[in-house]
Amino acid sequence: MSGGTLHRLFEDRVRLSPDRTAVITDRDRLSYAQLDARANRLARHLTETVRLPSGALVAVRTLRTPDVLIAALAALKAGGAYAVVAPGQPTPHALGDARAVLTHQTHLALVDDGRSQPFIVLDTDAEAVRARSADPLPAPGARASARAAVLFTAGTTGARRAVSTPHHRLTAAYDAWAEVYRLVPEDRVLLTASPDSVEFTAGWIRTLGAGATLVLTRRETFTVADTDPLTAAELLDGRGELPGLRLLAVGGERLTLDEQLRLERLLAPGARLINVYGPAEVAGCGTWFETGQLAAPVEDAERHAYLGQPFPGCAAQIHEGQIWLTPPGGGDAVPTGDLGRRDGEGPLEFRGRIAHRVTVDGRTVDTYPVEAALAAHPKVRESVVGEGGGRLIAYVVPAAGDAPGAETVRSHLAGTVPDADIPRTVVAVGALPRNSAGKVDRTALVRPPARTARRPAGGGRGGALAPAEEGAVTALVVSVPAAIMSFFLTDVIWPGSTDLSLVPDPWTWFFRGLYLCESLAFAAGAGFLFGGRRLMARRGGGPRGLAAAAHLSLVWLLVSWWPRDNLYRLAAQQDWPRQAALGSAFNVTLMVAAGVVALWAARSGSRTE
């Protein structure tokens, strides 16, 4: 077991192999001793500029390598913790307590948000940093339990969340990775993840902890590739075997079993391919899968994506369909938001994300089975299913040539998924939007115009209206009789409430117009009660319970004026009990309804991760 702190793990390798190449980029090639010296100088500059308490946060607001790696090591050596955030990203709330910001001059205008944190500008302050001693710093007193890094979730379905990660969790993760990856000092590890991702943090810890060489450019040769599925395919497709590649580790998006088998066939004999799964909450160390974990061949391999078995020191359980992971080194199990299943003692299988479920026509649709079925189509390379305008939309990346049409897709899915879960609209795209970790960013998918929601002739219910259009028709059908009823039955229900015999002209016409408006508002509310939920689906609706409350609130805001004003007109001005009852029944509830609608409008269309 490595134990101790993260930077001590690195420094142990410096002592063992100071002249071995530690990192290679397009601009630099540094040995372990050189990387350590640069980090020591920056750490001394940091400590003399800012006195960091143990675990205090240093914000690294650059993605340049190897500077971002030097900055992270310097923050750790100075006794602090680090967080890498791309300069173009808004400042996360988690950086509010950062004691210093490390960046470059070109990024300064982007990251200076007016706070009082001191800035260390890595290029303009380079001379001052080089003047510092490169000798190791005195032990800063950071404990294994102290914070080492703030990692961020991928943010593919909502805002990125910060996860405070202590030293002992990252060093325990290194021990777990070392047992599975089996890296040796002679390895050259190509790491393609962006420096602000969990995958990058995990990659450099695995590599430098093993004394291997971290390769951050594709121009160099490598023996291990640590990457995402899309880049893995780019590395292998059309290039034949990479004779020096002995391990391909794929993380980020899930690989289907069919994709994993295809990539394995492109590797040289004896080379391994592992599919790695681990969100930020467990420091990127959760489970791993090799096809050898399967006891027998699996039918319809394109419809299965395996997560495998937990890394040593980790654990994986399924509670009510959701995957819970125990972090490396122990601790409380955390929910991942991912769905899974396991047959007996077999490997864990991925079954989609809770956040990817959508609401259509008032019911929840699990999009993963639809996406898995689409993956089986020979003309589909990738697909994502989402919601827009109250209908399901399939975004399809064609495997080659033209993408399959909407009718072809629906025919392919018929009998495989429920008819109600078959997308009404198919959108062909050249590529799916992805974030810095290579994961599909569903929030960046562009919704097609609402008019494309109509089914083409011959496609299922030919010529049927989209849910929003059906809602509008329903609202109109209900509103017309409701308007007639309210206008002619007012004096029947509330005798004398519309009596204008004592009102002089021209004010009578004003009140007649007011009565007409009340009837029309009641009619609109009645129509909205039956058809409005589908109309609201255009905006996404926010959380399901809030959307339902907003729907009923809007109905009440419309229908209540008809009974409210008529009851008020019949109440004596000094009848305080009745006035109080009316005020509570109408005024207070109208205020609450308006607040609910305001909250729904603020959160409409949002998705939690």
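In this report, we go over the structure that sits alongside the text.

**Focus: the overall build of the chain**
Then comes step 1: When its secondary structure is counted, the chain shows 16 helices and 24 strands.
Then comes step 2: Along the first, second and third principal axes, the C-alpha set of the chain runs to 105 × 60 × 45 Å.
Then comes step 3: Relative to its full complement of 609 residues, the chain shows a buried share of 53%.
Then comes step 4: Long-range contacts, defined here as pairs at least 24 residues apart, represent 65% of the contacts in the chain between residues at least 6 apart.
Then comes step 5: As presented, the chain carries roughly 26,700 Å² of accessible surface, and 56% of it is formed by carbon and sulfur atoms.
Then comes step 6: Between the centroid of the 64 positive side chains of the chain and the centroid of its 61 negative side chains there is a distance of 2 Å.

**A word on the pattern of salt bridges**
Then comes step 1: Applying the stated criterion to the full structure yields 26 salt bridges.
Then comes step 2: Note that aspartate 187 and arginine 246 form a salt bridge whose closest N and O atoms lie 2.6 Å from each other. Of the two residues, aspartate 187 sits in the loop between α6 (167-181) and β9 (188-191) while arginine 246 sits in the loop between α8 (229-236) and β12 (247-250), which places them 59 residues apart along the sequence.

**Side note on helix α11 (residues 406-413)**
Then comes step 1: Listed as buried for α11 are Val409, Arg410 and Leu413. Each buried residue of α11 sits inside an arc of 95 degrees when the element is viewed along its axis, so together they form one side.
Then comes step 2: Turning to α11, the residues buried within the fold contact α10 (367-375) and β24 (425-428).

**Some words on the packing of aromatic side chains**
Then comes step 1: Considering all chains together, one arrives at five aromatic pairs under this definition.
Then comes step 2: Where phenylalanine 10 meets tyrosine 32, the ring centres are 6.0 Å apart and the plane angle is 25 degrees; that geometry is what we call stacked. Of the two residues, phenylalanine 10 sits in helix α1 (residues 6-16) while tyrosine 32 sits in helix α2 (residues 32-49), which places them 22 residues apart along the sequence. Comparing phenylalanine 10 with tyrosine 32, the two get one shared label, buried.
Then comes step 3: Note on phenylalanine 350 and tyrosine 368: the rings are 5.4 Å apart at their centroids and 85 degrees apart in plane angle, and the pair reads as edge-to-face. With phenylalanine 350 in strand β19 (residues 348-353) and tyrosine 368 in helix α10, this pair connects stretches of sequence that are 18 residues apart. By the burial criterion, phenylalanine 350 is buried, and tyrosine 368 matches it.

**Side note on the nonpolar core**
Then comes step 1: Counting residues in each nonpolar core, the largest one holds 72 residues, and the members touching the most others are Leu35, Leu42, Tyr82, Tyr181, Trp204, Leu208 and Phe311.
Then comes step 2: For this core, the element with the most residues is helix α3 (residues 67-77), which contributes nine residues.
Then comes step 3: When residues no more than four places from it in sequence are discounted, the contact partners of tyrosine 82 are Leu57, Val58, Val60, Ala72, Ala75, Leu76, Ala148, Ala149, Val150, Thr201 and Trp204.
Then comes step 4: Counting 16 residues, the second largest nonpolar core, distinct from the first, contains Phe528, Met536, Ala547 and Trp600.

**Some details on the sheet that holds strand β23 (residues 391-398)**
Then comes step 1: One open sheet holds the three strands; their spatial order is β22-β23-β24, and the pairing between them is mixed. Two strands lie at the open edges of the sheet, namely β22 (380-388) and β24, each paired on one side alone. On average, each strand axis in the sheet is tilted by 25 degrees relative to the strand beside it, whichever way the strands run.
Then comes step 2: Examined bridge by bridge, β22 and β23 share eight bridges and lie antiparallel to one another. Its bridge partner being in β23, valine 385 is matched across the sheet by alanine 394.

What counts and what doesn't
Residues numbered from 1 in each chain as written. Predicted model: local features only at pLDDT ≥ 70, side-chain atom pairs only at ≥ 80, totals over all residues. Heavy atoms only, no water. Helix = DSSP H or I, 4+ residues; strand = E, 2+ residues; numbered from the N terminus. Buried < 20%, exposed > 50% of the residue type's maximum accessible area, 1.4 Å probe, protein only. Contact = heavy atoms within 4.5 Å. Areas by Shrake-Rupley, 256 points an atom, 1.4 Å probe, with all protein chains shown as cover. Lys, Arg positive; Asp, Glu negative; His and termini not counted. Charge placed at Lys NZ, Arg CZ, Asp CG, Glu CD. Salt bridge = Lys/Arg side-chain N within 4 Å of Asp/Glu carboxyl O. Arc of directions from axis to C-beta. Phe/Tyr/Trp six-rings, centres within 6.5 Å; stacked < 30°, edge-to-face > 60°. Core = buried A, V, L, I, M, F, W, Y, C linked by side-chain atoms within 4.5 Å. Pairing = 2+ DSSP bridges. Axes fitted to C-alpha atoms, helices over the stretch in contact; angles between N-to-C directions.

Function-wise, these values are silent; they only describe arrangement.
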